[in-house]
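# Report on the structure
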Amino acid sequence: MAWNIYSISHGAIFLFYCNLKSNNCKYFKFKTYIYFKIVYRYYIFKIFDSFRKFSDIILETNDGFKIFGHKVILVSVSPYFKAMITNIANKTKDLFVIKELDYSTLQFLVNFIYSGKITVTERNVQALLPAANFLLLDEVNEACCEFLQKQLRPTNCLSTKAFADLHNCTQLLKRSELYIQQNFSKVVYCDEFLSLSSEEVVKLISSDELVVQSEEKVFECIIRWVKHELNSRKCILHQLLEHVRLPLISENYIFQNVLNEPLFNNCSECKCKDYIFAALRFHFLKRNQSDQVIDTPECIRYKPRQPNSLLKVILVVGGYGNGASTSTEWYDSIIYQWQFGPEIITPRKNCGVVILEDNFLVAVGGISSEYPLQSVDFLDLSSESLCWKPTVDMLEERSDLGVGVINNCLYAVGGHDGDSALNSVEVFNFWSQEWCMVSNMCTGRYELGVGVLNDLLFAVGGFDDSSEEVLNSVECYNPNLNTWTPIAKMCKKRCGPGVGVLDGVLYAVGGEDGSKTLKSVEAYRPSTGVWTTIADMHVCRKNAGVVALDGLLYAVGGRDKNSFFDSVEVYNPITNSWTMLGTSMNIARHSAGVVTIGRPFHF
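These notes cover the structure that comes with them. (Residues numbered from 1 in each chain as written. Predicted model: local features only at pLDDT ≥ 70, side-chain atom pairs only at ≥ 80, totals over all residues. Heavy atoms only, no water.)

## Section: helix α7 (residues 138-150)
- Spanning 13 residues, α7 covers 18 Å between terminal C-alpha atoms, matching the ideal 18 Å at 1.5 Å per step.
- For α7, every residue scored as buried is listed here: Val 140, Asn 141, Cys 144, Cys 145, Phe 147, Leu 148 and Gln 149. (Helix = DSSP H or I, 4+ residues; strand = E, 2+ residues; numbered from the N terminus. Expected span 1.5 Å × (residues − 1). Buried < 20%, exposed > 50% of the residue type's maximum accessible area, 1.4 Å probe, protein only.)

Written as structure tokens, this is what we have:
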């Protein structure tokens, strides 16, 4: 039945909305409830706006300008106005003076209260966010923080962090700190860095989470900061040098650059020289005791910086939602959000996705429309313009394939060419830009899972249309011998399993056994050579993407016989339990390429 939504009365919308809200809605009811909630909100704001000519309250700013409004509307949206207007002493007042806000900002926020719309720009965000906090307008606060996150650059991230800290914007503060740590080498060459206090510089350079190519960059940045205001800052040089990991700087650099730095020639602080001589002593011992373990002092200056795995993100490429998709999205485990990434060139489902040389994301084969693909696209994650580009086609068309990387060589395993299951395997050398065939598998497989463990390639399950059966067999490829060897069979037959590796264990997650979709999971340990059943997922999933992040295993999306999923489950091997991730993907999808990558600077 087709509904003309605009012909429904406001009262009917309200009653329908309330009825849905009061019931225990299942999936369809919930979606309908959300839809009507949006429509009802639209009409409410339209009514609010039409009432503005009949005001019963005046808001006066410190500069004498007046804004007219309605108590009931302001109270319904802003807790600040509710507290102010419903105060016993204020109940009969019609005029309220708000000294803390200027006229244009207050007018802007009152317009939002009546219309439900707001436009955040570089010109107004600095005034809007504190004003929104003052009036307790959470939606405006979130809009401002989201805008500022997207505007983060090396030239403004330090001031954005200070602004977020000042106004208690926790999410924006975390994102700013992460951005600064990841872009340290660029940030320290911007003018904002030179204006930091000594305490702020110490906090920054002492962080173990700093992403920096070499410790020399940290040394150079403190010298530059001190020289910017030499007279007032030279006395605290030793405090800064304490947090530079001098023993990790090359001996040659210390002799040529550190010892020859004029600041140290005129430095009266013996601590500076102590730090330098300690570093040289460390290099002397390392050079002359190369066959022995050096007794390293228990001091952080001798330990490499170790940005933790929170700098990694989960990236989902393509898949099937409403047709093969070109969209990508990535999961930020710090703020628990999914965000869209750069679209791929070719719509792909049933494809393979891997990361090569830490920076090159490669999408291999799959299906676009109804035809298996031979094409390969790649994305350079280090580039400032994140744009997918085509690279060399595979030797064969492959959909429903498995992919893996060993020694920066990409293996495309099995799949379907449109006529039959493939047992062929080809390998791609990214630097020579060449594909070549290697030994065939023992069995033709498509909708298989592939995992890499101990520099061996494992082909797990799948479907063999020559025998018309779902497989529980697993075989292992050794690239040094160019041979495939069968290993122990899984406990269950599985086509479309998600396969992932975590802490030396190979996992086969969900799939289909030929009659039903599975939520069971099993694990293979090379030390035992057998598959063992572990805890079930909450949801039966086939064609889910499975990756490891932060010591946990993620099962992303997938489908059962009736639905596609936007949900994600997380397995903790310590507790042997699955939990649902609190945040779902933006798009329900299955048969996507899913991979863990280092967070690109421009994400």
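## Thoughts on the sheet that holds strand β7 (residues 328-332)
- The four strands lie next to each other as β8-β7-β4-β33, forming an open sheet whose pairing is antiparallel. The open sheet has two free edges, formed respectively by β8 (337-341) and β33 (593-598), since each of these has just one partner strand. Taken pair by pair, the neighbouring strands of this sheet meet at an average axis angle of 30°, ignoring direction.
- As paired elements, β7 and β8 share five bridges and run antiparallel to each other. Bridge pairing in β8 places Trp 330 opposite Gln 339. (Pairing = 2+ DSSP bridges. Axes fitted to C-alpha atoms, helices over the stretch in contact; angles between N-to-C directions.)

## Let's talk about the state of the cysteines
- Under the definition given, this model contains zero disulfides.
- As a non-bridged cysteine, Cys 190 has Cys 157 as the owner of its nearest cysteine sulfur, 7.1 Å distant.
- Classification of Cys 190 as buried rests on a relative accessible area of 13%.
- In this structure Cys 409 is a free cysteine whose sulfur lies 8.2 Å from that of Cys 436, the closest cysteine sulfur available. (Disulfide = S-S within 2.5 Å.)

## Regarding the pairing of strand β10 (residues 360-364)
- Counting buried residues in β10 gives five out of five residues, a clear majority hidden from the surface.
- Side-chain alternation along β10 places Phe 360, Val 362 and Val 364 on one buried face and Leu 361 and Ala 363 on a second face that is also buried.
- Sheet topology note: the strand β9 (residues 352-356)/β10 ladder contains five bridges and is antiparallel. Bridging from a neighbouring strand, Val 354 pairs with Val 362 of β10.
- The turn joining β9 and β10, which pair antiparallel and follow one another in sequence, is formed by three residues; a positive phi near 55° is taken by Glu 357.
- Alignment of β10 against strand β13 (residues 376-380), held across five bridges, turns out to be antiparallel. Bridge pairing in β13 links Val 362 to Phe 378.

## A word on unusual backbone geometry
- With a phi close to 55°, Asn 168 is a non-glycine residue in the positive phi region.
- The topology assignment puts Asn 168 in the loop between α8 (157-166) and α9 (170-182).
- Look at Asn 168 and you get exposed, because its relative accessible area is 66%.
- The backbone phi angle of Asn 407 is positive, close to 50°, even though this residue is not glycine.
- For Asn 407, a relative accessible area of 62% translates into the label exposed.

## Describing the pattern of salt bridges
- Applying the stated rule across the entire model yields 20 salt bridges.
- In this structure, the salt-bridge partner of Glu 146 is Lys 150, at a minimum N-O distance of 3.3 Å. Remark: Lys 150 and Glu 146 occur in helix α7; sequence separation between them is four residues, near one turn of the helix.
- Residue classification places Glu 146 among the partly exposed positions, given a relative accessible area of 44%.
- By relative accessible area, which is 55% here, Lys 150 ends up exposed.
- Between Arg 233 and Glu 229 there is a salt bridge, and its shortest N-O distance comes to 3.8 Å.
- Through salt bridges with shared partners, a single ionic network connects Glu 447, Glu 512, Lys 542 and Lys 561. (Salt bridge = Lys/Arg side-chain N within 4 Å of Asp/Glu carboxyl O.)

## Some words on the packing of helix α6 (residues 125-135) against α7
- Running from amino to carboxyl end, α6 crosses α7 at an angle of 145°, the nearest separation of the two axes being 8 Å. Handedness of the α6/α7 crossing: left-handed. On the side of α6, the interface is formed by Val 125, Leu 128, Leu 129, Ala 132 and Asn 133, while α7 contributes Val 140, Asn 141, Cys 144, Cys 145, Phe 147 and Leu 148.
- The residue inventory of the contact of α6 with α7, partitioned by class, reads nine nonpolar, two polar and no charged. (Left-handed = near helix turned anticlockwise from the far one by under 90°. Contact = heavy atoms within 4.5 Å. Nonpolar A, V, L, I, M, F, W, Y, C, P; charged D, E, K, R; others polar.)

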